[in-house]
Amino acid sequence: MKAKPAELVLSLAVLSLGIAVAIGTAGLSGAGGYARIGPNVAPAVIAGGLVLLGLWLLYEAVFGGWRNAVPDSPEARGEHDFSPSAFIWVSIGLITQMLLIHRAGFVLAQANLFTCVARGFGSRRYPRDFAIGLALGLAVFLFFVKFLNVNLPPGWLAPIMRGAGI
């Protein structure tokens, strides 16, 4: 079986990147600090991994082609046509999320985003979608505020949250 040119080019590109990182790493100081690990350790590990991956991909490309490669035809890959309405709904959700997060608060902004994304995927059950988004947004809000100590804007729900001890 003849190797595909794209597989060879990508394999050689990964291998070349690994070699370039290794050359760049060789110029870094190896002096260790408190942990006796110098600034060259992480780049050296990454360089080694890239070189090994490049060699493995090159071997696969030369001897039979990459295994389980993605098919060339869009239909075989399961791709669908671009849906302008889905793109518009998701975009509306993201834009309104950015506009609402500081005023209405994180939870309501996330509920709105969830509702718009669900609409983009074809749902027309707005109250249900908003309720699910509200529950998920509240769960994420509580996780960040209570467990990670990250302050997220409570917005319009601040009086209710304060009353609930949140």
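Let me begin by describing the structure that accompanies this report.

Thresholds, definitions, all that
Residues numbered from 1 in each chain as written. Predicted model: local features only at pLDDT ≥ 70, side-chain atom pairs only at ≥ 80, totals over all residues. Heavy atoms only, no water. Helix = DSSP H or I, 4+ residues; strand = E, 2+ residues; numbered from the N terminus. Buried < 20%, exposed > 50% of the residue type's maximum accessible area, 1.4 Å probe, protein only. Salt bridge = Lys/Arg side-chain N within 4 Å of Asp/Glu carboxyl O. Core = buried A, V, L, I, M, F, W, Y, C linked by side-chain atoms within 4.5 Å. Contact = heavy atoms within 4.5 Å. Expected span 1.5 Å × (residues − 1). Patch = residues over 30% accessible without salt bridge, like charges linked within 9 Å, V, L, I, M, F, W, Y side chains within 5 Å. Areas by Shrake-Rupley, 256 points an atom, 1.4 Å probe, with all protein chains shown as cover. Phe/Tyr/Trp six-rings, centres within 6.5 Å; stacked < 30°, edge-to-face > 60°.

**Focus: the overall build of the chain**
Here's step 1: Helices and strands together make up the secondary structure of the chain, namely 6 helices and 0 strands.
Here's step 2: Mapped in sequence order, the helices and strands of the chain form the string α-α-α-α-α-α.
Here's step 3: Projected onto its principal axes, the C-alpha coordinates of the chain cover approximately 60 × 55 × 20 Å.
Here's step 4: Each of the 166 residues in the chain was classed as buried or not, and the buried ones make up 25%.

**As for the pattern of salt bridges**
Here's step 1: Throughout the structure, instances matching the rule amount to 1 salt bridge.
Here's step 2: Two residues, Asp129 and Arg128, come together in a salt bridge whose shortest N-O distance is 2.9 Å.
Here's step 3: Look at Asp129 and you get buried, because its relative accessible area is 2%.
Here's step 4: Taking the relative accessible area as the measure of exposure, Arg128 reaches 36% and is therefore partly exposed.

**A closer look at the nonpolar core**
In globular proteins that are soluble, nonpolar side chains generally tend to be buried together.
Here's step 1: Grouped together as the largest cluster of nonpolar side chains are 11 residues: Ile101, Ala104, Phe106, Val107, Leu108, Ala109, Phe141, Val145, Leu152, Leu157 and Met161.
Here's step 2: At the level of elements, α4 (106–120) and α5 (126–147) are the ones that each hand at least two residues to this core.
Here's step 3: It is α4 that contributes the most residues to this core, 4 residues altogether.
Here's step 4: Contacts of Ile101, omitting those with residues within four sequence positions, involve Phe106, Ala109, Gln110 and Pro153.

**Some remarks on α4**
Here's step 1: Given a rise of 1.5 Å per residue, 15 residues ought to cover 21 Å, and the 21 Å separating the end C-alpha atoms of α4 matches this to within 8%.
Here's step 2: Here α4 lies mainly inside the structure; 13 of its 15 residues are buried.
Here's step 3: Gly122 lies just past α4 and shows a positive phi near 110 degrees.

**Comments concerning a nonpolar patch on the surface**
Here's step 1: A cluster of nonpolar side chains, Val140, Phe143, Phe144, Phe147, Leu148 and Val150, forms an exposed patch at the surface whose accessible area comes to about 530 Å².
Here's step 2: Secondary-structure assignment places Val150 in the loop between α5 and α6 (158–163).

**Thoughts on the side chain of Gln97**
Here's step 1: Tracing the sequence through the fold places Gln97 in helix α3 (residues 84–100).
Here's step 2: If sequence neighbours within four positions are ignored, Gln97 has contacts with Ala109, Gln110, Asn112 and Leu113.

**Examining the environment of Ala42**
Here's step 1: Its location among the elements puts Ala42 in helix α2 (residues 41–62).
Here's step 2: Residues Ala42 and Thr25, 17 residues apart in the sequence, show an inter-C-alpha distance of 9.2 Å.

**Thoughts on the packing of aromatic side chains**
Aromatic ring pairs are reported here in terms of the distance separating the ring centres and the angle at which the planes meet.
Here's step 1: Summed over the entire model, instances satisfying the criterion amount to 5 aromatic pairs.
Here's step 2: Measuring from ring centre to ring centre gives 5.9 Å for Phe143 and Phe147, while their planes differ by 45 degrees; the resulting arrangement is tilted. Of the two residues, Phe143 and Phe147 are both situated in helix α5; the distance of 4 residues between them amounts to about one turn of the helix.
Here's step 3: Since its relative accessible area comes to 65%, Phe147 is described here as exposed.
Here's step 4: Here the aromatic cluster, defined as three or more aromatic residues joined through ring pairs, consists of Phe143, Phe144 and Phe147.

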